[in-house]
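# Report on the structure
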2 protein chains.
Amino acid sequence: MPNPTRATVLLAHGSSDPHWLQPFEQLLTGIRAGAAAQRVELAYMELARPALDEQIRALAAAGFTHIDMLPLFFAAGRHLRRDVPAQLAALQTELQAQGQPLQLQLHAPVGLEPEVAQAISHVVIRQLGQ
Amino acid sequence: MPNPTRATVLLAHGSSDPHWLQPFEQLLTGIRAGAAAQRVELAYMELARPALDEQIRALAAAGFTHIDMLPLFFAAGRHLRRDVPAQLAALQTELQAQGQPLQLQLHAPVGLEPEVAQAISHVVIRQLGQ
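The sections below set out a description of the structure shown in this document. Since we're looking at a predicted model, the values are computed, not measured. (Residues numbered from 1 in each chain as written. Chains lettered and ligands numbered in written order. Predicted model: local features only at pLDDT ≥ 70, side-chain atom pairs only at ≥ 80, totals over all residues. Heavy atoms only, no water.)

### Some details on the sheet that holds strand β3 (residues 66-71) of chain B
Residues and elements named next belong to chain B. Pairing is parallel in the open sheet, where four strands are placed in the order β2-β1-β3-β4. With one partner strand each, in any of the chains shown, β2 (39-44) and β4 (103-106) form the two edges of the open sheet. When strand polarity is set aside, the average angle formed by the axes of neighbouring strands in this sheet is 25°. In the sheet, strand β1 (residues 6-12) pairs with β2 via six bridges, with the strands oriented parallel. What sits directly across from T8, in β2, is V40. Relative to the sheet, helix α1 (residues 18-34) contacts β1 and β2, its axis offset from that of β2 by approximately 170°. Docked against the sheet, helix α2 (residues 52-61) engages β1, β2, β3 and β4, running at close to 155° with respect to β2. (Pairing = 2+ DSSP bridges. Helix = DSSP H or I, 4+ residues; strand = E, 2+ residues; numbered from the N terminus. Axes fitted to C-alpha atoms, helices over the stretch in contact; angles between N-to-C directions. Contact = heavy atoms within 4.5 Å.)

Pasting the structure below:
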């Protein structure tokens, strides 16, 4: 059963180029279709909206108390290892101080999952043969 | 049969954080294992080495005349739609003027391939259920 207090934010890097955003919006649409009972949103780390803090504040205001962040990244660098955890910790402290109980959990980048890495390998090896 | 004058460069964004680079190096190792007869290299657009132009110059000097660039990106933004094509065009002109015949071809980001997008959706939907 889906937990009505739990939401997921797909976190992408962001770009000022609207072409860059489209594939992420398509992914969100596909994921929502496959998990209709869950609340899933998209947020960007920079250069596009909704920004991560904006999205988290909106979900907290809507009553969600546990928010999982799934980074749509191939790898974890400075942003995901330092900047985002610091931002989440500050936001959690701020919202808790305002009486909003909130658990924010940052997960590993989806690109590190074996299934995704294997799909990338397949696609590249197929293209090499052409 | 592999073409001895054709090489492939996997193009990643790059980061100053060595942790970020590791998954790309692992991908390269896996892809080379699956396509041993092909010349496959890795290059970064910024903040890490080998840089794209460095890698292309090395392959051209080694006798490769057709180099395919496969971007390890989820989407094509400003970098892949403007900066990289301009860089490749300038490099091709420069090397051709030096008597090095060179065809550089930039392909679509691997993240746009249905197989990769589907793997990402699977992974996310599986994590939503936990």
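### Focus on the interface of chain B and chain A
Taken together, the contacts link 41 residues of chain B with 41 residues of chain A. Between chain B and chain A, roughly 3,700 Å² of surface is buried when both sides are summed, and carbon and sulfur atoms account for 68% of that area. Considering only the side of chain B, the residues that lose the most area to chain A are F74(B), E115(B) and L128(B), jointly responsible for 18% of the buried surface there. Taken together, the connections running from chain B to chain A amount to six salt bridges. Note that R81(B) and D17(A) form a salt bridge whose closest N and O atoms lie 2.8 Å from each other. Between the two partners, chain B and chain A, sit 14 residue pairs in polar contact (both at pLDDT 80 or more). Among the secondary structure elements, those contributing two or more residues to the side of chain B that touches chain A are β1, α1, α3 (78-97) and α4 (114-128) of chain B. (Buried area = accessible area lost by both parts, 1.4 Å probe. Salt bridge = Lys/Arg side-chain N within 4 Å of Asp/Glu carboxyl O. Polar contact = N/O pair within 3.5 Å; in protein donor to acceptor, adjacent residues only side chain to side chain.)

### Some points on the packing of aromatic side chains
Per the counting criterion, the structure on display carries five aromatic pairs over all chains. With 4.1 Å between their ring centres and 10° between their planes, F74(A) and F74(B) make a pair best called stacked. Taken together, the residues F74(A) in the loop between β3 (66-71) and α3 (78-97) and F74(B) in the loop between β3 and α3 connect one chain to another. Grouping residues by exposure puts F74(A) and F74(B) together as buried. (Phe/Tyr/Trp six-rings, centres within 6.5 Å; stacked < 30°, edge-to-face > 60°. Buried < 20%, exposed > 50% of the residue type's maximum accessible area, 1.4 Å probe, protein only.)

### Let's talk about the side chain of E41(B)
Residue and element names in this part refer to chain B. You can see E41 is positioned in strand β2. Taking relative accessible area as the criterion, E41 reaches 14% and is therefore assigned buried. Separated by 2.9 Å, the side chains of E41 and R32 make a polar contact. Residues within four places of E41 in sequence aside, it is in contact with T8, V9, L10, L28, R32, Q55 and L59.

### Overview of the packing of helix α1 (residues 18-34) of chain A against α4(B)
Look at α1(A) against α4(B): their axes get within 10 Å of each other, and the N-to-C directions meet at 45°. If you check the angle between α1(A) and α4(B), you find them oblique. Once α1(A) is placed against α4(B), the crossing between them reads as right-handed. Taken together, the residues of α4(B) that come into contact with α1(A) (itself represented by L27(A), I31(A) and G34(A)) are A117(B), I120(B), S121(B), V124(B), I125(B) and L128(B). Residues belonging to the contact of α1(A) with α4(B) are distributed by class as follows: seven nonpolar, two polar and no charged. (Parallel < 35°, antiparallel > 145°, perpendicular 65-115°, else oblique. Left-handed = near helix turned anticlockwise from the far one by under 90°. Nonpolar A, V, L, I, M, F, W, Y, C, P; charged D, E, K, R; others polar.)

### Brief notes about the environment of A119(B)
Summarising the element assignment, A119(B) is placed in helix α4. Among the residues examined, A119(B) registers a relative accessible area of 4% and is labelled buried. The residues touching A119(B), leaving out its near neighbours within four places in the chain, are E115(A), V116(A) and A119(A).

### Things to note about the environment of P18(A)
Of note, P18(A) is situated in helix α1. Remark: the alpha-carbon pair of P18(A) and Q103(A), spanning 85 residues in sequence, is separated by 31 Å.

### Things to note about α3(B)
Residue and element names in this part refer to chain B. The terminal C-alpha atoms of α3, which comprises 20 residues, lie 28 Å apart, in line with the 28 Å expected from a rise of 1.5 Å per residue. Remark: the principal bend of α3, roughly 30°, maps to V84, with a proline, P85, within the next four residues. Among all positions in α3, only L80, V84, L88, L91, Q92 and L95 are buried. At its buried positions, α3 is contacted by β1, α2, β3 and β4. (Expected span 1.5 Å × (residues − 1). Bend = angle between axes of the 7 residues up to and from the residue.)

In short, the description is geometric, and any link to function would need to be established separately.
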